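Chain and residue survey
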Amino acid sequence: MPSRLAIIIAACVFLLAALGVAAYVVIELRDRPAASGGGDGSLLPATLGGPFSLTDHTGRTVTEADYAGKYLLVFFGFTHCPDICPTTLNQVALTMRALGDRAAQVQPLFVTVDPARDTPAAMAEYVALFDAGIVGLTGTEQEIADIARAYRVHYARAEIEGAPDDYMMDHSVLLYLMGPDGNFRRLFRPDDKPEDMADAIVEQIAEDE
Amino acid sequence: MTRLLHITALFLLFVAGSAAAHYDEIGGLQIIHPWARATVPSASNGVVYVAIANEGETPDRLIAVETAIAERAELHTVLMEDGVAKMRAIEAIELAPGETVLLEPGGDHIMLFGLKGPLIEGETLALRLIFEVAGPIDIELTVEAVGADGDDHGDHDATE
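Residues numbered from 1 in each chain as written. Chains lettered and ligands numbered in written order. Predicted model: local features only at pLDDT ≥ 70, side-chain atom pairs only at ≥ 80, totals over all residues.

Let us look at the sheet that holds strand β1 (residues 53-56) of chain A. All names here are of chain A. Pairing is mixed in the open sheet, where seven strands are placed in the order β2-β1-β5-β4-β3-β8-β9. Here the strands that pair on one side only, and so sit at the sheet edges, are β2 (61-63) and β9 (184-188). With direction set aside, neighbouring strand axes in the sheet form an average angle of 35 degrees. In terms of strand pairing, β1 meets β2 through three bridges, oriented antiparallel. Within the sheet, the bridge partner assigned to Thr 55 lies in β2 and is Thr 61. Strands β3 (71-77) and β4 (106-112) of the sheet are contacted by helix α3 (residues 84-99), whose axis makes an angle of about 165 degrees with β3. Across the sheet, helix α6 (residues 194-208) is in contact with β3, β4, β8 (175-178) and β9; its angle to β9 comes to roughly 170 degrees. (Pairing = 2+ DSSP bridges. Helix = DSSP H or I, 4+ residues; strand = E, 2+ residues; numbered from the N terminus. Axes fitted to C-alpha atoms, helices over the stretch in contact; angles between N-to-C directions. Contact = placed C-beta atoms within 7 Å.)

Right, here's the structure in full:
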């Protein structure tokens, strides 16, 4: 029965290849540094963050009390940002997916650093693209300056040569995991893998419980 | 076992995806998988990514980009300073012989300012890359999901 033999050989080769790929993936993941933020996180004070009053993408005024009991994944950007911000929102969307059931305990908050252009409607249009329960937050110039200061976030308008009506925003690109008690827990970087972020969040939830 | 199959399937998809990537070659320059990121309906700007391999003997530079879909296109880079991202225009992208330069999310990219309409996933766009030595090269590219990361092996369904 040469054909049966061929099938068995093919199956063995397939399994070996699969094992090789699996081993590679496992080794890759193990050797990668943890996504907890490591040394960077420990440099940040536990007082990072705090109370805020902003407007969400549905036009409702919200404060930290509206998300009481949840972990917050807070990050900053602006909707006219074509490169970094969509990458970060996607990173967050994939993290939420990787969290599975645990996602219900986490509220991602995308805070604009460009309140002049980012109206609630603009934020709504933008967060809807990612379909991950991300809440877009905007506010007055002062409200945004306040939350940025609370998170040690730097932002500045950058002019574009030859386009006086348009501009970019320089801004901090880190992501902050805040606990249900409102205290800072962990820092993530824009190049952290969503699976690693989800693992770190699950680990954090377990640690807190 | 299911997990092994899953990983193997992903691997095979990756191989298949890479083989199907866009491919153009003119004068020693290979233009690999150019793509634009989908935008919201009201977007004023957009972004294009591409890999360029210089397989010739001569150094070249990407010095300009022209397109009818936006008021203008510029070459940009992202500077990271103390965790702050700063996007800045650059004059050219250097293409050393034997090297492949990646324009990718979070790095160098082509900015489209003053879009004449939103970039819609699945649509095809025409773009002209202008090289110092090779001259103009016209390319076509596809608009990919806003959640795409430029790899061919995943994440394309990220915004489903």
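Back to the text.
Between chain B and chain A, the contact holds 28 residues from the first and 31 residues from the second. A class-by-class count of the residues in the side of chain B that touches chain A yields 16 nonpolar, ten polar and two charged. In this sheet, strand β6 (residues 84-89) of chain B lies alongside strand β7 (residues 167-172) of chain A in antiparallel orientation, the contact comprising two bridges. Looking at β6(B), one finds that His171(A) is bridged to Ala85(B). (Nonpolar A, V, L, I, M, F, W, Y, C, P; charged D, E, K, R; others polar.)

What follows deals with the pairing of strand β5 (residues 135-138) of chain A. Residue and element names in this part refer to chain A. The side-chain alternation of β5 yields two buried faces, one formed by Val 135 and Leu 137 and the other by Gly 136 and Thr 138. By the bridge criterion, two bridges tie β1 to β5 in an arrangement that is antiparallel. What sits directly across from Thr 55, in β5, is Thr 138. The pairing of β4 with β5 spans three bridges and is classified as parallel. Note on β5: the bridge partner recorded for Leu 109 is Val 135. Of the crossover connections in this fold, the one passing from β4 over helix α4 (residues 120-128) to the parallel β5 is right-handed. (Buried ≥ 20, exposed ≤ 12 C-beta atoms within 10 Å, placed from the backbone. Right-handed = clockwise from strand over helix to strand, strands pointing away.)

What follows concerns the nonpolar core. Among the nonpolar cores identified, the biggest contains 84 residues, and Leu73(A), Val74(A), Phe110(A), Tyr176(A), Val48(B) and Ile110(B) are the most heavily contacted of them. Considering every element that reaches this core, the biggest residue donor is α3(A), with eight residues. Once residues lying within four places of it in the same chain are set aside, the contact partners of Tyr176(A) are Leu48(A), Gly49(A), Val74(A), Tyr151(A), Phe184(A) and Leu187(A). (Core = buried A, V, L, I, M, F, W, Y, C linked by C-beta atoms within 7 Å.)

Let us now look at unusual backbone geometry. The backbone of Arg152(A) sits at a positive phi, close to 55 degrees, despite the residue not being glycine. Tracing the backbone through its elements, the reader meets Arg152(A) in the loop between α5 (141-150) and β6 (155-159). Using a count of 14 C-beta atoms within 10 Å as the deciding quantity, one classes Arg152(A) as partly exposed. Here the phi dihedral of His33(B) falls at roughly 45 degrees; this positive angle occurs in a residue that is not glycine.

Detailed reading of the predicted coordinates is not advisable wherever pLDDT falls low. Confidence in the prediction for chain B averages 83 pLDDT; 76% of positions are at 70 or higher. In this model, residues 12-23 of chain B is a region of pLDDT below 50 whose contacts with residues beyond four sequence positions or in other chains number 14 contacts. (pLDDT = per-residue confidence, 0-100.)

Quick look at the environment of Gln30(B) now. Residue and element names in this part refer to chain B. Tracing the chain through its elements places Gln 30 in strand β2 (residues 29-37). Given 16 C-beta atoms within 10 Å, Gln 30 falls into the partly exposed group. Each C-alpha atom, one on Gln 30 and one on Glu 121, is 24 Å from the other, the two residues being 91 residues apart in sequence.

Attention now moves to the environment of Pro115(A). Residue and element names in this part refer to chain A. Within the secondary structure layout, Pro 115 lies in the loop between β4 and α4. Judged by the 21 C-beta atoms lying within 10 Å of it, Pro 115 is buried. Along the primary structure Pro 115 and Glu 141 are separated by 26 residues, whereas in three dimensions their C-alpha atoms are 6.3 Å apart. Non-local contacts of Pro 115, meaning those with residues more than four positions away in its chain, are made with Thr 138, Gly 139, Thr 140, Glu 141 and Ile 144.

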